[in-house]
Amino acid sequence: MRLFVNARRWTLCTLGALFVLLVLCALTVYIVDPFEQYRESRILPLYDQESYNNPGIAKNYDYDAVILGTSMVEMSHPSVIDECFGVHSVKLPMRGSYASQMGWQLTHVLSYKPLKLAILAVDTYSLMGPPDTDEEIYDYLWNDNLLDDVHYLLNRDVLLVRVPRMLQNIGKPTDTKRDDMYQWTDVVFAAQSVYDSMRVSEQQPMQDVRVERSTENIVRHLEPSIKAHPETAFKIYMPPYSVGYWYMMTRGGLSEQQMRARTRLCELLLSYPNVEIYDFSSRVEWICDLDNYFDYSHHSGEISDAIMRGMAAGECRVYDVSDMEAGNERIRQAVTEFASQYEAR
């Protein structure tokens, strides 16, 4: 009997200690809150995992404007957006994402905050991406279900890796964090960087131009938010990938599909009074100056700022489908000129 009592006491003590340990772990994560799930942090966050950082920013920061996109908006500066459009903005990029993931974020952001402005950097490859992908979308970080918080509060990586690393930022200034988050700081912007990144295939026949997937992505993932929020101004722009990118797409037989996707965006969305579309992809003086890039697609922060100022001034605005088609032709001509120089190297 005594043995049973001792075993029972040991079990209860062990379970009690385990419970206290779990509570302490959860409390530590809650207080430090490295992904800002409960409040905007007074400690400078790490800002190096967009899929985990973005939900907390979207839920807890003070803003009335956002810029969404792929890694092409990581070099953007919200302070410049604020200056250009009279808003208070945050950026929520998702590297390598598709239109479906942008649509997910957009829907949730609009459920959290009334927005004056949503800037969408729409890459042609993301328009042609799989319409049902939810990769890198973690619902437990976006939803309001408290039971789901266990995945965050008792996450080993958060507790043992993220919390200690974030505590190292105590005392660091936070006044420029909206501009600094997600910035590339270890790259070289130079033409040679573009050439080094290019992977040129043998010339392939141009593939049949199909727009079904682009149409589905626009209709399912962009149009519903635009239609449901007439009070929000949507400024959609096509990012200026370098001419080297378009040369690779042309060699691979993919450029005409992507150009048709650009046109389809205009056909479906230009009729909405709260939508403006801008085509910076065909701004030849930018895309042909390879010193603006650190690979075949990613441009400098100076170009990001110029895009915002250009939109504010109405530059490169697309008023009808023919404007986008004219942009497609400018890209084709730029590729032809680039090819003659590149292939002669």
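Basis of the calculations
- Residues numbered from 1 in each chain as written.
- Predicted model: local features only at pLDDT ≥ 70, side-chain atom pairs only at ≥ 80, totals over all residues.
- Heavy atoms only, no water.
- Phe/Tyr/Trp six-rings, centres within 6.5 Å; stacked < 30°, edge-to-face > 60°.
- Helix = DSSP H or I, 4+ residues; strand = E, 2+ residues; numbered from the N terminus.
- Buried < 20%, exposed > 50% of the residue type's maximum accessible area, 1.4 Å probe, protein only.
- Lys NZ or Arg CZ within 6 Å of the ring centre and 35° of its normal.
- Salt bridge = Lys/Arg side-chain N within 4 Å of Asp/Glu carboxyl O.
- 1 Å grid on protein atoms, 1.4 Å probe; cavity = no way out; pocket = protein on both sides within 12 Å on 5 of 7 lines; lining within 4 Å.
- Points joined across faces, edges and corners; volume = space filled by probe spheres on them.
- Nonpolar A, V, L, I, M, F, W, Y, C, P; charged D, E, K, R; others polar.
- Expected span 1.5 Å × (residues − 1).
- Axes fitted to C-alpha atoms, helices over the stretch in contact; angles between N-to-C directions.
- Parallel < 35°, antiparallel > 145°, perpendicular 65-115°, else oblique.
- Left-handed = near helix turned anticlockwise from the far one by under 90°.
- Contact = heavy atoms within 4.5 Å.

Caption draft 1: Looking closely at the packing of aromatic side chains. For the structure shown, the criterion picks out 21 aromatic pairs. Look at tryptophan 184 and phenylalanine 294: their rings are 4.9 Å apart centre to centre, the planes differ by 45°, and that puts the pair in the tilted class. Here the residue tryptophan 184 occupies a position in the loop between α9 (177-180) and α10 (191-197), and phenylalanine 294 occupies one in the loop between α14 (284-287) and α15 (301-312), the gap between them amounting to 110 residues. Overall, the relative accessible area of 11% leaves phenylalanine 294 in the buried class. Among the aromatic residues, ring-to-ring pairing joins Tyr30, Phe35, Tyr38, Tyr52, Tyr138, Tyr140 and Tyr152 into one connected group. In this structure, arginine 39 is placed above the aromatic ring of tyrosine 30, and the distance from its NZ or CZ to the ring centre is 4.7 Å.

Caption draft 2: A look at the pattern of salt bridges. Evaluated as defined, the whole model comprises 19 salt bridges. Between glutamate 40 and lysine 177 there is a salt bridge, and its shortest N-O distance comes to 2.8 Å. In this pair, glutamate 40 is assigned in the loop between α1 (2-32) and α2 (50-60) and lysine 177 in helix α9, connecting sequence segments 137 residues apart. Judged by relative accessible area, glutamate 40 falls into the partly exposed class, the value being 31%. Overall, lysine 177 belongs to the buried group, its relative accessible area being 7%. Among the salt bridges present, the one from glutamate 276 reaches lysine 235, with a minimum N-O distance of 2.6 Å. Of this pair, glutamate 276 sits in strand β5 (residues 275-279) while lysine 235 sits in strand β4 (residues 233-238), and the two are 41 residues apart along the sequence. The network of salt bridges with shared partners includes Asp48, Arg162 and Arg165.

Caption draft 3: Representation of the layout of surface pockets. Its boundaries defined by the atoms lining it, the largest pocket holds a volume of some 360 Å³. Along the wall of the largest pocket there are 20 residues; nearest its centre are Tyr125, Met128, Tyr245, Met249 and Gln258. When contributions to the lining of the largest pocket are tallied by element, the ones reaching two or more residues are α11 (212-228), α12 (243-251) and α13 (255-269). Among the elements that make up the lining of the largest pocket, the one with the highest residue count is α11 (3 residues). For the lining of the largest pocket, the per-class residue count stands at 8 nonpolar, 8 polar and 4 charged.

Caption draft 4: Region of the structure containing helix α4 (residues 99-112). In a regular helix each residue adds 1.5 Å, so 14 residues correspond to 20 Å; α4 covers 20 Å between its end C-alpha atoms and thus fits that length. α4 sits mainly inside the fold: 10 of its 14 residues count as buried. Looking only at α4, the buried set comprises Ala99, Ser100, Gln101, Met102, Gly103, Gln105, Leu106, His108, Val109 and Leu110.

Caption draft 5: Region of the structure containing the packing of α4 against α11. Following both chains from N to C, one finds α4 and α11 inclined at 20°, their axes separated by 9 Å at the closest point. When the axis of α4 is compared with that of α11, the two are roughly parallel. Handedness of the crossing formed by α4 with α11: left-handed. Residues Ala99, Ser100, Met102, Gly103, Leu106, Thr107 and Leu110 of α4 form the contact with α11, whose participating residues are Asn217, His221, Leu222 and Ser225.

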